[in-house]
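One letter stands for each residue in the lines below.
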Amino acid sequence: MGKRASKNDDSRGGSPREQLWSTTFVLVVVSTLCCYMAGQGLNSSTSVYVALYGGTAAYAGVLAAVFSGAAAVVRLLSGPLIDGRGRRIVMLFGFAVLIVGTVGPLFTHDVAPFVVFRILQGAGFSAVTTASATAAADALPASRMGEGIGYYGLGQALSMSVGPALALALVSTDPPENLFIGVTAIAVVGLSMIFLCRYEKHPEMLPKEAVYRRRLEEGGSEAARTGAAEAAETTTSTAQSRMEGRPKRESIASRIFEKHALPGTLPMIVLSPALGFAIFFVGLYGASLGVGNAGLFYTLSAVSMILVRLKSGAFMDRFAPIKILPVALACGLVAFAMLVACGTVLDGTPVCDAVFNLSGIVYGFCTGIALPLNQSVAVKNTPPERWGAANALFQLAIDVGIGGACVIWGIVNDCFGFPVTICCAMCCIAASYFVARAVYPKE
């Protein structure tokens, strides 16, 4: 009788599985949780905060676009910085900027200068989340990348539970500026986690199978590899300059945009407008319907996101992405259809609050699968030395999709109401599938 495989053995081959969790990976996940709690809390409660001071849904959409626009610009800059200067310095800078943006509103009750604070919030949020995604990939073994990214996404999932619910509760207190005290405290906790994350100078902190450590051990020290690359580039450029009569320089576009990440990025840019509606407007939609606790939508969605990501190892790295994505998108369509139903009237009585909140569960299955799946496609299709640029491009797609659409959603909602806006978001969900069919890798 053969020896029974241990829990750490691969169920198919009996060989030991590479270590997934490490101190560094835990620190990255916790810091990500804090950043997303602050960012998602601000995003979900901004429309309510603005409404309390007489603002419109269109103005809330503009603030959403400002946040996403600032995040997009910073992602363009942070990708090369992450690959060239390191992950930790970018995360420290991002948290510092985010904290300045959350402290600022405490000194004014006027919503006009809120645009400036949203720029700072978006810039800080963008820098942290881009760098932390790359740091998470550094600490993961290549064979469990998809599973690990799913666990990394638990920070986002938990933030969708605690962040919006806490933010909506705080903005409903007197004064509503208690919101900014709460998110500032959360950001400070995240900043403290990054101070402890020092694996770039001490790779021995990582598991032996971690991608970042293996790259250093197989290719020599970072300095030696960088020096060799620069020397080779200089030699090549000199030779080509002699042949062509002009120096060859790396273009700015090639440093910022990583083309290998496009298969996972393009479907996200189409799906993101629908996610933007859920993030920025579901709380306001629930308030307009008289839902008793609209924040419960986010809590239930986070619970389902956590459940699906805990089980991601069973399918994320074993099935073709194009076979998994339709399940996620179908859940998204069902969730939004339930939200539309909440705005209808049956026998003179609005549909019960339960339908509104239960739609969060189905929506959580959608985001819990679609986000890490597309990010995994983007990262796996990209060389490790370009993961910073790949994650920056992926997150940029989300920022552009959310920011651009939220202005439109605000205008459409003011003109036609929430049901029409939700139906438009459903079209984006369906369209993302056809984009994925066209660009996903064959294998």
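A quick note: this is a predicted structure, and the numbers were derived from the prediction, not measured. (Residues numbered from 1 in each chain as written. Predicted model: local features only at pLDDT ≥ 70, side-chain atom pairs only at ≥ 80, totals over all residues. Heavy atoms only, no water.)

**Examining the side chain of serine 132**
Next up, step 1: Structurally, serine 132 can be placed in helix H4 (residues 114-138).
Next up, step 2: Aside from chain neighbours lying at most four places away, what touches serine 132 is Val28, Thr32, Met91 and Tyr152. (Helix = DSSP H or I, 4+ residues; strand = E, 2+ residues; numbered from the N terminus. Contact = heavy atoms within 4.5 Å.)

**Structural notes on the packing of helix H11 (residues 262-289) against helix H14 (residues 353-380)**
Next up, step 1: Contact geometry for H11 and H14: axes closest at 10 Å, N-to-C directions at 160°. If you check the angle between H11 and H14, you find them roughly antiparallel. Remark: the crossing between H11 and H14 carries left-handed chirality. Seen from H11, the contacting residues are Pro263, Gly264, Thr265, Pro267, Met268, Leu271, Leu275, Ala278, Val282, Tyr285, Gly286 and Leu289; seen from H14, they are Phe356, Tyr363, Thr367, Ala370, Leu371, Asn374, Val377 and Ala378. (Axes fitted to C-alpha atoms, helices over the stretch in contact; angles between N-to-C directions. Parallel < 35°, antiparallel > 145°, perpendicular 65-115°, else oblique. Left-handed = near helix turned anticlockwise from the far one by under 90°.)

**A look at the packing of aromatic side chains**
Next up, step 1: With the rule as written, the count across this model stands at 16 aromatic pairs.
Next up, step 2: The interplanar angle of 70° and the centroid separation of 5.5 Å between the aromatic rings of tyrosine 433 and phenylalanine 434 together place this pair among those described as edge-to-face.
Next up, step 3: A relative accessible area of 59% means that phenylalanine 434 is categorised as exposed.
Next up, step 4: Linked through ring pairs, Phe277, Phe281, Tyr285, Phe297, Tyr298, Phe336, Phe356, Tyr363 and Phe418 together constitute an aromatic cluster. (Phe/Tyr/Trp six-rings, centres within 6.5 Å; stacked < 30°, edge-to-face > 60°. Buried < 20%, exposed > 50% of the residue type's maximum accessible area, 1.4 Å probe, protein only.)

**Some words on the pattern of salt bridges**
Next up, step 1: Across all of its chains, the model carries 1 salt bridge by this definition.
Next up, step 2: With a closest N to O distance of 2.6 Å, aspartate 138 and arginine 87 form a salt bridge. With aspartate 138 in helix H4 and arginine 87 in helix H3 (residues 87-103), this pair connects stretches of sequence that are 51 residues apart. For the pair formed by aspartate 138 and arginine 87, the shared burial category is buried. (Salt bridge = Lys/Arg side-chain N within 4 Å of Asp/Glu carboxyl O.)

**Brief notes about the nonpolar core**
Next up, step 1: Judged by nonpolar contacts, the single largest core of 114 residues is most densely connected at Phe25, Phe95, Phe277, Phe281, Val282, Phe336 and Phe356.
Next up, step 2: At 12 residues, the largest contribution of residues to this core is made by H11. (Core = buried A, V, L, I, M, F, W, Y, C linked by side-chain atoms within 4.5 Å.)

**Re helix H16 (residues 418-439)**
Next up, step 1: The end-to-end C-alpha distance of H16 is 32 Å, a good match for the 32 Å that 22 residues give at a rise of 1.5 Å each.
Next up, step 2: Turning to H16, its buried residues number three or more, namely Phe418, Thr421, Ile422, Ala425, Met426, Cys428, Ile429, Ser432 and Ala436. Projected down its long axis, H16 shows its buried positions confined to an angular sector of 150°, all on one face. Among the exposed residues of H16, those oriented more than 90 degrees off its buried face are Cys427, Phe434, Arg437 and Ala438.
Next up, step 3: Looking at the packing, one finds that the buried side of H16 touches H11, helix H13 (321-342) and helix H15 (387-416). (Expected span 1.5 Å × (residues − 1). Arc of directions from axis to C-beta.)

**Some details on the confidence of the model for the protein chain**
Next up, step 1: Confidence along the protein chain averages 77 in pLDDT terms, with 79% of residues attaining 70 or more.
Next up, step 2: The least confident element of the protein chain, judged by mean pLDDT, is helix H9 (residues 222-244) at 41; the most confident is H16 at 93.
Next up, step 3: Scored below 50 in pLDDT, residues 1-15 makes 11 contacts in the model with residues more than four places away or belonging to other chains.
Next up, step 4: Counted against residues more than four places away or in other chains, residues 221-232, with its pLDDT under 50, gives 7 contacts. (pLDDT = per-residue confidence, 0-100.)

**Some words on H15**
Next up, step 1: Helix length check: H15, at 30 residues, gives a terminal C-alpha distance of 42 Å against a target of 44 Å (1.5 Å per residue), a fit within 8%.
Next up, step 2: Along H15, the sharpest change in direction is near 25° and occurs at cysteine 406.
Next up, step 3: Counting buried residues along H15, 22 of its 30 residues qualify, which places the element largely inside the surrounding structure. (Bend = angle between axes of the 7 residues up to and from the residue.)

**Things to note about the environment of glycine 404**
Next up, step 1: As for its placement among the helices and strands, glycine 404 is situated in helix H15.
Next up, step 2: Expressed as a C-alpha distance, the spacing of glycine 404 and valine 62, which sit 342 residues apart in the sequence, is 9.2 Å.

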